[in-house]
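Below are the chains, spelled out letter by letter.
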Amino acid sequence: MVSAMWGGRWEIRWFDEVDSTNTYVADLARHGAPEGLVAVADHQTAGRGRLDRRWESPAGANLLASVLLRPVLAESEIHLCTAAVALAAADACSVVAGIEPVVKWPNDLLAGPDEAKLAGVLAETEFSGATLAAVVVGIGINVAWPGPPGVGGTSLDDLRALSAASEPAPSSTPPPVDRRQLLDEMLAGLAGRRERLDDENGRRRLADELRERCATLGQTVRVALAGEEFIGLATAVDDAGCLVVETDAGTRTVSTGDVVHVRSA
Ligand code: BT5
């Protein structure tokens, strides 16, 4: 493991292999680790998605990172932490790779002509009584490997090759994206967004940014909650980052759950 401070705010611990960077950071968070710890792994033996799903990635191919945040937030606002990381990652993809992903609520970055899954975010919380103590936000960004067969993923390197090939005078294959550069750019973008979590005005600006980048708005969505499923039109993201869905039975505000874009499903 290599450890280094970055930007005066982030302590990066880069591992050859861990079970899951989220699990690692959550364990340290429970033992009082300060905000700013970042775990990165070349390989995860038990990478996790949401709802006990797996996040797959061969060694050295993709960016797998988890950040420890300790913002003072109401439970209803926790989704803004996912948004802060997703938006910082989207900007980093744009700066480092020239790829402009959109956000699919709640936790995906989609990119390319087919809006394929480029990245996924997993936010996990620790509470002290009723007070939010820590949020561990993990992200997997597909840099060189587009995800397992059959799940419809994509990668930055594939998207760049596609875009180079479709230019009027096709250029040679661009060089592979550097994971460290992508991480540094993401953390630089996360620093400012983290500060916005501290006051109401900043949180509203973060929600504004999420609204601008959110491909789910205006789409018919199917929402799966624990023990319940419904279809409706995603009409808004509120200031807490929750998705507002108009259904035949009325308006629903969704703070968690799986959302499928029905048109693209
Ligand atoms: C997510 O879950 O999209 C959140 C993924 C978070 C992964 C990061 S990596 C660093 C940190 N440490 C961890 O242990 N986790 C975080 P979800 O929306 O549930 O999507 C999971 C589903 O995406 C799987 O069931 C597969 O169908 C698919 N999948 C798995 N690996 C993929 C990949 N590399 N690219 C695209 N899709 C993938």
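Talk me through helix α1 (residues 21–30); I want residue IDs and the actual numbers.
Those residues of α1 lying buried are Thr21, Asn22, Val25, Ala26 and Ala29. Buried residues of α1, viewed axially, fall in a sector of 125°; they line one side. Here the buried face of α1 lies against β2 (10–18), β3 (37–44), β4 (63–69), β7 (116–128) and β8 (131–141). Regarding α1, its N-cap is Ser20, as a side-chain oxygen of that residue lies 3.2 Å from the backbone nitrogen of Asn22 further along. Immediately beyond the C-terminal end of α1, within one or two residues, lies Gly32, with a positive phi of roughly 90°.

Tell me about the site of the ligand, and please be specific about residues and values.
Close contacts around the ligand come from 29 residues, with Ser20, Arg48, Arg53, Lys117 and Asn142 the closest. Within the side chain of Asn107, an N or O atom sits 3.3 Å from an oxygen atom of the ligand. Considering the ligand on its own, with 790 Å² of exposed area, one finds that the protein chains cover 91% of that surface. Counting only elements with at least two residues in the shell around the ligand, the list comes to α1, β4, β7 and β8. Split into classes, the residues belonging to the shell around the ligand amount to nine nonpolar, 13 polar and seven charged.

Before we move on, can you summarise the pairing of strand β6 (residues 108–111) with the specific residues and values?
Here β6 shows a buried face lined by Asp108 and Leu110 and a second buried face lined by Leu109 and Ala111. As paired elements, strand β5 (residues 102–104) and β6 share three bridges and run antiparallel to each other. When the bridges of β6 are listed, Val103 appears paired with Leu109. Connecting β5 to the antiparallel partner β6 that follows it, the hairpin turn spans three residues. Taken together, the four bridges between β6 and β7 define a ladder with antiparallel strand orientation. By the bridge assignment for β7, Ala111 is matched with Ala116.

Can you tell me about the domain arrangement of the protein chain, naming the residues and giving the values?
According to the domain assignment, the protein chain contains domain 1 (11–213) and domain 2 (220–261). Each of domain 1 and domain 2 was reduced to a C-alpha centroid, and the two centroids are 23 Å apart. Taken residue by residue, the interface counts 15 residues in domain 1 and 15 residues in domain 2. Interface area for domain 1 against domain 2, summed over the two sides, is near 1200 Å², with a carbon-plus-sulfur share of 53%. Of all residues in domain 1, the largest losses of buried area upon contact with domain 2 belong to Lys104, Trp105 and Arg211, amounting jointly to 50% of the total for that side. Linking domain 1 with domain 2 are two salt bridges. A salt bridge links Asp239 to Arg204, with the shortest nitrogen-to-oxygen separation between them at 3.5 Å.

About the cut-offs
- Numbering of residues starts from 1 in every chain and runs along the sequence as written.
- In view of the model being predicted, local features appear only for residues whose pLDDT reaches at least 70, and side-chain atom pairs are presented and counted only at 80 or more, with totals across whole chains, interfaces and linings using the full set of residues.
- For the side-chain quantities, the full set of heavy atoms in the structure was used; hydrogens and water were omitted.
- Exposure classes here rest on a 1.4 Å probe applied to the protein chains alone. A residue is buried below 20% of its type maximum, exposed above 50%, and partly exposed in between.
- Secondary structure follows DSSP: runs of H or I at least 4 residues long count as helices, runs of E at least 2 residues long count as strands, and numbering of each begins at the N terminus.
- Directions are taken from the helix axis to each C-beta atom, and the arc is the one they span.
- We call two residues in contact when some of their heavy atoms are within 4.5 Å.
- For this analysis, a polar contact is any N or O atom pair within 3.5 Å, provided that within protein one partner can donate a hydrogen and the other can accept it, and provided that sequence-adjacent residues contribute only side-chain to side-chain pairs.
- For each residue, the test is whether any non-hydrogen atom lies within 4 Å of the molecule or strand; if one does, the residue is near.
- Method for areas: the Shrake-Rupley scheme with a 1.4 Å probe, in which residue coverage is limited to the protein chains shown.
- Each residue gets one label: Ala, Val, Leu, Ile, Met, Phe, Trp, Tyr, Cys and Pro are nonpolar, Asp, Glu, Lys and Arg are charged, and the others, such as Gly, are polar.
- Here, a strand pair is defined by DSSP locating no fewer than two bridges between the strands.
- How far each domain reaches was decided by an automatic or database domain assignment.
- By definition, the buried area sums, over both parts, the 1.4 Å-probe accessible area that each loses when the two are put together.
- Here a salt bridge means any side-chain nitrogen of Lys or Arg lying within 4 Å of a carboxyl oxygen belonging to Asp or Glu.

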